[in-house]
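For reference, the chains in residue letters:
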Amino acid sequence: MPEIAEVARIVHFLRQSLVGKRIATVAAIEDTNVFGKVGTSGPEVEEALKGKKVVSAGSQGKYFWITLEKPPHLVMHFGMTGWVHIRGEKTAYTNYYKKMKESEMEAWPPKFWKFHLKTEGRDGVEVAFTDPRRIGRVRLVHCPGDDIRQHSPLVENGPDPVIDLDEFTEEYLHGKMRARRVPIKALLLDQTVISGIGNWVADETLYQAKFHPEQYCNEFSDAEIKTLYENIRYVCQTAVDKLGDSDEFPDHWLFNYRWGKGGKAGANKLPNGEKLAFITVGGRTSCYAPAVQKKTGRVVPTAKAEVIEPEEDKPAVRRGRSTGSKIKEEPDEGPPLKRQRTKAAKQEDEVKEEKLADGPRKRRRGRS
């Protein structure tokens, strides 16, 4: 699913192609999930956008927005498979376009569109929001554009570890970890604590920090919290700087091998020979390296780990299925991520992402 870096990628393209232009035409379908579950509708989105000038584009974690010359403004969340396409631009990654037929690449609006627009002028920019699984959310926020982060759903979310360096500090993380007793992986995924960290970013952070994903967050020492903070900043900043393009990620990152990107051997272990394993607690699956990510405190007692066997030792497995305890993955449907997921894990994430996309229940106070 799109996380902090993928969202930053789209904001980059929106700033480059859409900001400063006036919207001439808009079309939005009536989707009771994408629009309806956050209190708006296709016709309302059309009315809000048509004829308006786009003033700015921004993001906070997994949320992003465009502000217009007057309210309401558009705040979006990709969910599992949402994406923004700009005609003539490759906003997704090379692998995504390789899978498409030429006729699909040329078609406009793209398949699974929820709304699309065109700006004024002979060379008007065309933009479309798509979402095959309809877990993404598009809402209208009625407030001054400069105050958009002080309003729901953004105000309920935690600080962005790349943008909000005045708030996301080592002291902030220390306080959150000492105040809770949950697995550290769960804390990192909590959007009310930190905005934008999803499954792969959390796993990468913990791998770089050499911490076990299911160790309780209040079991870490002050020195370990400092290390974790530095690696959250490192992973998130690097991924955002690369606009989420995993072809540009450092060679030593776990990401390059967890999804089989490194070839058959890469799906089982890292280049240095460290075996990879999956651990599942509370319905969330983490990839980690047991030889590196040692337990220094107590972990969830129900945690179960499975080391992936070397490829030559594995029995034959049908594509896209699992046999016994051997994990076999199938490709995700969304354009932004070059990775694979098991069917069960995808279904679990869909439910969790749908709840998250509809907005957190508790309102945070004191955001600026």
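Conventions adopted
- Residues numbered from 1 in each chain as written.
- Predicted model: local features only at pLDDT ≥ 70, side-chain atom pairs only at ≥ 80, totals over all residues.
- Heavy atoms only, no water.
- Phe/Tyr/Trp six-rings, centres within 6.5 Å; stacked < 30°, edge-to-face > 60°.
- Helix = DSSP H or I, 4+ residues; strand = E, 2+ residues; numbered from the N terminus.
- Buried < 20%, exposed > 50% of the residue type's maximum accessible area, 1.4 Å probe, protein only.
- Lys NZ or Arg CZ within 6 Å of the ring centre and 35° of its normal.
- Arc of directions from axis to C-beta.
- Contact = heavy atoms within 4.5 Å.
- Salt bridge = Lys/Arg side-chain N within 4 Å of Asp/Glu carboxyl O.
- Pairing = 2+ DSSP bridges.
- Axes fitted to C-alpha atoms, helices over the stretch in contact; angles between N-to-C directions.

**Topic: the packing of aromatic side chains**
Aromatic ring pairs: the centre-centre distance and the angle between the two ring planes describe each pair. Within the structure shown, the criterion is met by 13 aromatic pairs. Aromatic pair Y234 and W253: ring centres 5.8 Å apart, planes at 80°, arrangement edge-to-face. Here Y234, found in helix α8 (residues 222–241), pairs with W253, found in the loop between α8 and α9 (255–258); they are 19 residues apart in sequence, far enough to count as distant. What makes Y234 partly exposed here is its relative accessible area of 28%. Accessibility expressed as a relative area gives 0% for W253, which makes it buried. By the ring-pair criterion, three or more aromatic residues cluster together here, those being F64, F78, W83, F115 and F129. For R181, the ring lying beneath its charged end belongs to Y216, and the centroid distance is 4.0 Å.

**Structural notes on helix α5 (residues 170–179)**
Within α5, burial applies to Y172, L173 and M177. The arc enclosing the buried residues of α5, seen along the axis, measures out at 125°, which places them on a common side. Opposite the buried face of α5, by more than 90 degrees, sit the exposed residues E171 and A179. Where α5 is buried, its residues touch α6 (184–189) and α8.

**Considerations on unusual backbone geometry**
Here the bond from W108 into P109 is cis, since omega is 0°, no more than 30 degrees from zero. Of note, the phi angle at F112 is positive, near 70°, even though the residue is not glycine. Look at F112 and you get partly exposed, because its relative accessible area is 41%. A positive phi is found at R134, a non-glycine position, where the angle reads about 60°. Relative to the assigned elements, R134 resides in the loop between β7 (126–130) and β8 (137–141).

**Concerning the pattern of salt bridges**
Per the counting criterion, the structure on display carries 13 salt bridges. The closest approach of N and O atoms between D31 and R134, which form a salt bridge, is 3.0 Å. Here D31 is found in the loop between β1 (23–28) and α2 (42–49), whereas its partner R134 is found in the loop between β7 and β8, with 103 residues between them in sequence. One connected set of salt bridges, linked through shared partners, spans D31, K114 and R134.

**Remarks on the sheet that holds strand β5 (residues 83–86)**
Pairing is antiparallel in the open sheet, where 4 strands are placed in the order β1-β6-β7-β5. On the outer flanks of this sheet lie β1 and β5, each paired with one strand and no other. Here the strands of the sheet are splayed against their neighbours by 15° on average, with no regard to which way each runs. In terms of strand pairing, β1 meets strand β6 (residues 113–119) through 5 bridges, oriented antiparallel. Bridge pairing in β6 links T25 to K118. Packing against the sheet, helix α1 (residues 4–17) makes contact with β5 and β7, and its axis sits at approximately 30° to β5.

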